[in-house]
Every structure is written in C-alpha cells, then in structure tokens.
Amino acid sequence: MTNKALPYAFDDQSRKITFSRHDFPQPWINYLSNGSLHAFVSQAGGGMCWYRTPMNGRITRYRFYNQPIDSPGFYIYIRMTDGTVWSPTFRPCETALDQWEAAHSTGYSTFTAEKNGLRATLKLFMASDSDTLIWDLTLTNLQGEPVECDVFAYTELSQLAFTNEVNLGYYLKWNVNCQYNADMNAVLYLYTSWMQVDVKRAPVVYFSATEKADSFCCNRDAFCGNYRDERNPVQVENGRLSNTNLFGGEPCAALHHHVALDGNAEKQISFFLGVTPGALTDYEAALKQTLETLCALKVPGAVATQFQKNRTWWDEQLGVYQCEIPDESAMRQINTWNPMQSVVTARFSRSISSSASGIRGVGFRDSAQDMLAQAYRKPEWAKEMLYYLASQQLEDGHAVHTCWPEDGRPPQDITRSDDHIWMVYLAYAIIAENGDLSVLDGEIPFLDQDYKTPVHPASLWEHLLRGVQFTENNLGEHGLPLILFSDWNDHMGPFGRKGKGETIFVSQQHILALKQLAEIAELRGDQENVEYCQKLMEKQINALKQYSWDGDWYLRGWDDDAKPIGSHVNDYAQIWVNTQSWMVMAGCGEVEKDYRAMDSVKERMDTGMGLLINVPSLPADKANNLPAGYSENGGIFCQANCWAIIAEGLLGRGDRAWQYYKQLIPHEVIQRIGIDAYKGEAYAYSSTMLGPDNEQFGQACVSQVTGTAAWMDVAATQYLLGIRPTAKGLVIDPSIPSDWKGYTVTRKYRGCTLHIRVENPDGVQHGVKKMMMDQREIPGNLITSDMISAKESAEIQVILG
Ligand code: GLC
C-alpha cells in the first residue's frame, strides 16, 4: 500500500488506483473503449467520448487549454429536497461531501460519494456488444427514513469534426438537431452538416436511461442559464428540466429522474450514451438499430453482462504475462498499468489525452513502435497495423510520417530517415511471437506519389527490403545515413538542412534491421538475402568504426559542415543518450567502448529520476527554439530511457538497468518530488519530464500518449525479466538486481502456458547457468516450438549464476 500522505492508493489485487482528492494538478485519466467507441474520464469525472476518431468523431466536448481544467465530462447532479446539489464525481458542483472516493481500473472508473445519508456510486465503462458508454448509477439510502431526490445526468455534445467546430462552429451549429424521443426515452442527436468527413459513418447519438425520464433538455445554454456553466446549472437548481429540444445551437443531453427511496433502499439507474452509424444515409434503419440496442441494454442483467465482458477482455490481455517479483511498485507497473497504457498507445498513437487535442492521427514510426507491445500479446492486432503502415510506404521505400486512416485526410510526408525502419522490428516481433513466417507473404500495395492511390502490390517482405534500399540510397559522405528531414529525434533536422548531415542513430537502426532481416531470410531459406543483409551490415559497421567514437562515448552524427554532433568538442549537447544505447541494442559496437559509453551516460546524464536526452542543454535559439531543459533539449525523454534500460540489461548490468527502470516509474518520482511538482498520473508514463535546466525540473509533460508505454513494457518484460521472443524461440535472459533471490513469470507462448521460476542463488545480475523444463535439463536458454508443441503448460526452472 502507498504512502498515506498521498491522495491516492493502489489496490494491486483489484488492479485499481483509488483517489481521495479530486483536485490534482492535472486530470489523471482512464481510457474506456470497446475498440470503436472510446472515452477518457478523469478522477473528477471530466472527459470526452469519441467514435472511431477523436479528430472527426467527437461525440462530447472537452475544453483543452481551459480554466478551470478538465471540463466538461460525464456529470450526474443529485438535488436533495432542501435544494442542496451534489455530484458523485465531486465536480462539477464542488459541494462538500461527507465521503468521496474515485477509482480507475482496467477499462472502468468508479466514483462513490455520500451526502446527508445518501450514497451514490457511479461506474463508467464501455459496452462490448454495442457502441455505448454505460453510466451505471446506484443510489443507496443509508438512513432509516425515506428520502426523495432528483437525479440529472448531463453531457455536452459536440459537432463531431473538431477543427471544423473550432473554426466554424458558429455557423455549423445550425446543423444541429437534438430532440427527446418519448417512445425511445432517449435524447437523439444528429449533426447534419455536409462538412462531415464520412457521411456514411455520421452517427445518431443517443442518451437514454433504464427508467423513463421525468424531464429532459437538449439545449446546453438553457440548461446552464445565462452566465452560468456546468458547475451551477439553473435547471438543476430549479429541480426540473425545461423539456427543450434544439434545432440549431449548442447541444446537450440531459435527463431527469425523480427518485423516492424507502429507508435503506437501493436503486440502480443506468444511462446509455452511444452511437449508431448511418444517421445521414438511412435514418430509419439507424433509428431501428438504436431502438434494438437500447432494448437489449435495458433487459435486466444486461449491464452486468456488458461489464463482465469488458473485464474478460482485460483479463485475457493482461493474462499473457504476469510476474511475481520482489519489488512492489515495479510489479504493479509490469502486471497492470504499463500494459494498460500500451493498449492506449496502440489504439490512439500520440493523438488524444487530456492534454493532446486529438488531431495527430497515426504517427508512422510511433504506431510501429507502439505495436511492439501488442506483438507479444496480440500478434494479430499488431499485424493489422503493420499491414496498414506498409500500405503507406512509397515505392522508393520511404514511408509517410503521419496518416489519418479514419479521417479521409491525405498523409503527411516530409521524408524522415527512420520511419520505414521501424516496420522491420514490428514484423520481426510478430514472427518472434508466433513463429509464423507467412506474415511476410501478405500482398500490400505501395502508396502512389499522389498519396491516395494504392499501386503495385508486393509482399510485406518486399516492402521491408525496399526500406533497406531507401536507406542505402541515402547515405552521406561518411557512408552513414543522411538525416533528411529528421530521424527519431524530431529536432535533429536542423543539423542536416543542407542535405549533408548524417545520423549515427539511423545507422545503428539500419544495422539492427539488417540483422533481423538476415535472421528471417535464413528461416525462409533465402540465402541470397542473408548474404545481401550481411554485406550491408558489414559496410555500415565499418563506417561506424571509423566515424562514431568520440573518446568516451559515441557521436550522434555529423552535420552539414562535416562537424561532429554530440562531441566533447562542442559547447552544447556534447553527449546524446540514444547513440550510446543503440550501439548496444544493435550489437554493432566494440564491447569496451559500449561499457565506457554507457558509463558516460551514467556519469553525465542520470538525474536520479530519469536520464537526460542530451547534455548540456543548448540555448533555445540553437535548439529549434526549444527552451533549455525541455523535451529534446536537455529534458528527460522517457522513451529514450527505455533504450538505455535495455542496453544496460544486454550488458548484463542488472543493478543499473533496474535503477533506471525504477526511478522513472511515475509513482516513484511522485514519492520523491511530490504530486504538485510531477503533476502527471502516478500510473502512466509521460512523454517527457523537464530537466534540471528548467525551474520546474521533474514536471511531466504530455502523459499517456508516448512511445514510452510500449518500449517500457518491452524493456521490463523482455530484457529485465528477460523472457524474450526471438525468431529462433523464446530466450530466457534475465538482468536483475543482484540482491534478488528469484522471481516467477507466467507467460502464454505459442499455445502453452509457461510457469517460469528464476532462481538466483549466487546473487548475480545476469547469466543463465542452467535451465530445466518439467524437471529435465535443457541445453542453453532457449525454448523452441518443438519443445512445447505437445504441452498445454510447462514448468521452467532457470538457475542464474
Ligand atoms: C515524439 C514523437 C516521436 C518522436 C519523438 C522524439 O514522441 O511522437 O515521433 O520520435 O517525439 O522526437
């Protein structure tokens, strides 16, 4: 259990975090989703709901960059007969409560509040069988006396297309049609503007309840009243809604129920906020479907069934890998919160959170990396994304940078040197998990120069080789890859604007990709490509040998004027973390230099709560105008920390790898600097934290949607605990703190449940001395398909030493 002074506590058994205070420095959100309807909700009930895409399918509103923060959301108002109004989410009323607690868990959030002898519990989650956000409200009368109250459920509706709404909403709001349908007991909302991205998909939005409403309101401004807002809506104060429909204006869905409860009685009312597509193409059919959905949800027991299905999805997702280790806060991350966040990034790339406004679409390199955490849990899901990404690659082998698959918007293509390479790692990870080489045979078209037309379908294998050729066709004077618009570091670009700057990071990435491709080619019996990849690898390794060592660490690259980037000769940004860790990850450096380089990282870049991305920071005018200490200019870039953790793991320095892993766990950072300094969620990684050159050192920036999620998941499960899928089979290669006596992992792998027990009798950090499967010794530290194909489960004993 957590430190009492903190306003939150983890309950690991229930995979839950509970909050005892609502007023965090920023919203701490939870994502609710069934794969097509999505929402996030904060600890204070703020949040938004969107259908398929946050860019053009926004069902409810959320005000970004607003004061007060975190509104609006999914609000319940309870009005007592004496006129007191309160909310189980505390906000928006902010009426003092006798008891209050909120909690986030896997795919659902709960809010429990008590006021004057009445308890309200609100549970929010997504239905599995329809696109419906369920607000399940239970009222309990805790006193012997009967109680009456009025319950109002309210949400503010949106014009679906976010940027259109922001830019032109004042005209487009005349296309709003929001009415209460008495037969269905539902507010039905249509947004009829021709400016819809995909008219076929435009949904009917419904808001209904298990009980007949006593009054309703569809007009946000009438609901709130002049110069009021959702904190003190006049209609709630009046105790009754105005039964107002809305044909043009600012829409909302509000339903009212008068409730009378006998002494100690309990009552459940469930509200259903959802969508049915087809509003503008076949309205009658959409209405019929809506009616069917609502009837199904109103059947007694249906809400409980939907909740159970939601839980089952999460049990399966998390059940692929569970560990028991002698470190509570790391175990909680690995078993629950990190894989939860990996699902978030797999679904939403970098686009939507309480701070990311939802317009970024799918980042090519981002999603390719995000899916690495799904490749070992749901290879089919990862494959779907991989095929989509391959369809966004051009025939010359480079890939677009950002795409909007759901939004009918052309992709953005300013050629980066790295985007296409990430596909190789994803393909490799899928094959490593399921051993199925057929993923390479799928025929996928390239994207034509017009960024619209699919052309010349080719196998995925061919796509991957085209990427290799693209890198080979874009080498600079030192034989290293050109930076082009930038590499993984978005702010590397200025070093190469004249077209000559070269990147050592991409060189290392290229080598790792070639290595993996050679391994796969070998399995395919394709000797020609084995040799081809090896030849290119050697060439690149030679270039690195000549042009990458600075004396105590590896350079970051060479700029347009052939000056070194990331060298002791520079005034600023003398050392960059990525080229140190990737030299190890790609296995292309010299061992003593690798150790020395990673020691330099430790000496110069470790803040005690994360490694800096480069030091010292540059003055903003020399760093693409990034202020010192922020992001890629001397900030703690969390994703880059994952690679350093992996590198230390591969070097066998478990103590240091775990120090790096542990110190970046948000809950650990909060224990160190406090919640008001860190600000972000205690259970989700942020993209960056401010570095020591910024006054707000340690503050989390852009939480949730970050490549840290997948990479930390991979780092911890595959490199620290060391259960690592490879093309040859499952390698067991732990790197752990020397004071650990042992640990266990349950891992589902190729149809077999492996119960892995690692023992560390000699107190080492790394190195497998002996391995047994079902009591029989096996050679090496590899579990192959043949060894487990006939088994449903197996006991694996691993002795380190
Ligand atoms: C952000 C971007 C990612 C980029 C990284 C470093 O996380 O989404 O694409 O690689 O920043 O610049």
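Each remark here, short or long, concerns the structure printed above.
Note that residues are indexed from 1 along each chain, following the sequence as it is written. This being a predicted model, a pLDDT of at least 70 is required before a residue's local features are given, and a value of 80 or more before pairs of side-chain atoms are given or counted; all residues contribute to the totals for chains, interfaces and linings. Processing note: side-chain calculations cover all non-hydrogen atoms of the structure and skip hydrogens and water entirely.

1. Overview of the pairing of strand 7 (residues 75–80)
Think of it in three bands: residues with accessible area under 20% of the maximum for their type are buried, residues over 50% are exposed, and the middle band is partly exposed, with areas taken using a 1.4 Å probe on protein chains only. Comment: elements are numbered from the N terminus, with helices defined as DSSP H or I runs of at least four residues and strands as E runs of at least two. Counting buried positions along strand 7 yields 6 of 6 residues, so the element is predominantly enclosed. Two strands pair under a simple rule: DSSP has to find at least two bridges between them. Inspection of the sheet shows strand 7 paired to strand 13 (residues 147–160) by 6 bridges, in the antiparallel sense. Bridged to R79 within strand 13 is D150.

2. Here we look at helix 6 (residues 328–348)
Here the expected length of a helix is defined as 1.5 Å per residue gap, with one fewer gap than residues. With 21 residues, helix 6 ought to run about 30 Å at 1.5 Å a step, and its terminal C-alpha atoms sit 29 Å apart, in line with that. The bend reported for a residue corresponds to the angle between axes fitted to the seven residues ending at that residue and the seven starting there. Where helix 6 bends most, the angle comes to about 50 degrees, and this point is I334. Most of helix 6 sits inside the fold, with 18 of its 21 residues counted as buried. N-cap assignment for helix 6: the residue whose side-chain oxygen lies 3.2 Å from the backbone N of S329 is D327. At the exit of helix 6 stands S349, carrying a positive phi of roughly 50 degrees. For the purposes of these results, a polar contact is taken to be a pair of N or O atoms within 3.5 Å, where, inside protein, one atom must be able to donate a hydrogen and its partner to accept one; residues adjacent in sequence count only when each atom of the pair is a side-chain atom.

3. Some details on the pattern of salt bridges
Note on definitions: salt bridges are taken to be side-chain nitrogens of Lys or Arg within 4 Å of carboxyl oxygens of Asp or Glu. Under the criterion given, the structure shown has 47 salt bridges. One salt bridge in this structure joins D490 and R365, with 2.9 Å as the shortest N-O distance. Highlighted residues: D490 in the loop between helix 11 (460–472) and strand 27 (502–503) and R365 in helix 7 (residues 364–370), separated in sequence by 125 residues. Residue class for D490 comes out partly exposed when judged on its relative accessible area of 35%. Across the pair R524 and D441 runs a salt bridge whose closest N-O atoms are separated by 3.5 Å. Taken as a pair, R524 in the loop between helix 12 (504–523) and helix 13 (527–547) and D441 in the loop between helix 10 (421–434) and strand 25 (443–447) lie far apart in primary sequence, 83 residues in all. A network of salt bridges, in which partner residues are shared, links R61, R63, E156, E165, K173, R220, D221, E230 and E250.

4. Brief notes about the site of the ligand
For this description, a residue counts as near a given molecule or strand if any of its non-hydrogen atoms is within 4 Å of it. Close to the ligand lie R350, R360, R365, D366, W488, N489, D490, E632 and F637. Within the side chain of R360, a nitrogen or oxygen atom sits 2.9 Å from an oxygen atom of the ligand. Its residues placed into classes, the shell around the ligand shows 2 nonpolar, 1 polar and 6 charged. Amino acid classes used here: Ala, Val, Leu, Ile, Met, Phe, Trp, Tyr, Cys and Pro are nonpolar; Asp, Glu, Lys and Arg are charged; the rest, including Gly, are polar.

5. Here we look at unusual backbone geometry
Glycine aside, residues mostly have negative phi, and peptide bonds are mostly found in the trans state. Note that the residue after S71, namely P72, is joined by a cis bond; omega there is -5 degrees. Cis geometry marks the peptide bond from V615 to P616; its omega dihedral reads -15 degrees. Relative to the helices and strands, P616 resides in the loop between strand 31 (614–615) and strand 32 (636–637). With phi around 50 degrees, R15 is a residue other than glycine that occupies positive phi space. Mapped onto the elements of the fold, R15 is located in the loop between strand 1 (8–11) and strand 2 (16–19). We note that Y451 has phi near 60 degrees; this positive angle belongs to a residue other than glycine. Take Y451: it is sitting in the loop between strand 25 and strand 26 (454–459).

6. Re the sheet that holds strand 36 (residues 729–732)
Judged by pairing direction, the sheet is antiparallel, and its 3 strands sit side by side in the order 35-36-41 without closing on themselves. Either end of the sheet is taken by a strand with one partner, and the two such strands are strand 35 (723–726) and strand 41 (782–783). Note: strand 36 against strand 41, 2 bridges, orientation antiparallel. Paired with V731 across the strands is L782, a residue of strand 41.

7. Overview of empty space enclosed by the protein
Every definition here rests on a 1 Å grid over the protein atoms only: cavities are sets of points where a 1.4 Å probe fits but cannot get out, pockets are open sets enclosed by protein on both sides within 12 Å along at least five of seven lines, and lining residues have some atom within 4 Å of a point. Grid points are joined across faces, edges and corners, and a volume is the space filled by probe spheres set on the points. For the coordinates displayed, the defined rule picks out 5 cavities of 30 Å³ or more. The wall of the largest cavity is formed by 17 residues, among which N30, Y31, M340, Q341 and V344 lie closest to the centre. Ranked by the residues each element gives to the lining of the largest cavity, the list is headed by helix 6, at 7 residues. Taken together, 13 residues line the second largest cavity, and the ones lying closest to its centre are N56, G57, D198, R201 and A202. Of the residues belonging to the lining of the second largest cavity, the class tally is 6 nonpolar, 4 polar and 3 charged.

8. A short note on the nonpolar core
Buried together is how nonpolar side chains tend to be arranged in soluble globular proteins. Throughout this description, the term nonpolar core refers to a set of buried Ala, Val, Leu, Ile, Met, Phe, Trp, Tyr and Cys residues connected via side-chain atoms within 4.5 Å. Among the nonpolar cores identified, the biggest contains 208 residues, and W135, F271 and Y661 are the most heavily contacted of them. By residue number, the principal contributor to this core is helix 10, which donates 12 residues. When residues no more than four places from it in sequence are discounted, the contact partners of Y661 are A330, Q333, I334, I645, Y685, M712, A716 and L720. F125, L188, A286 and L287 belong to the second largest nonpolar core, which has 18 residues in total. Residues are treated as being in contact if the distance between any of their heavy atoms lies within 4.5 Å.

9. Things to note about the packing of helix 11 against helix 12
For any two helices packed against each other, one specifies the inter-axial angle together with the distance between the axes. Here an angle of 0 to 180 degrees is reported between the N-to-C directions of two axes, which are lines fitted to C-alpha atoms, with helices fitted over the stretch in contact. Interhelical geometry of helix 11 versus helix 12 gives an angle of 145 degrees and a closest axis separation of 11 Å. Seen along the crossing, helix 11 lies across helix 12 with a hand that is left-handed. Along its contact with helix 11, which presents W461, L464, V468, T471 and E472, the element helix 12 presents H510, L514, L517, I520 and A521. Residues belonging to the contact of helix 11 with helix 12 are distributed by class as follows: 7 nonpolar, 2 polar and 1 charged. When the near helix sits turned anticlockwise from the far one by under a right angle, the crossing is termed left-handed; a clockwise turn instead gives a right-handed crossing.

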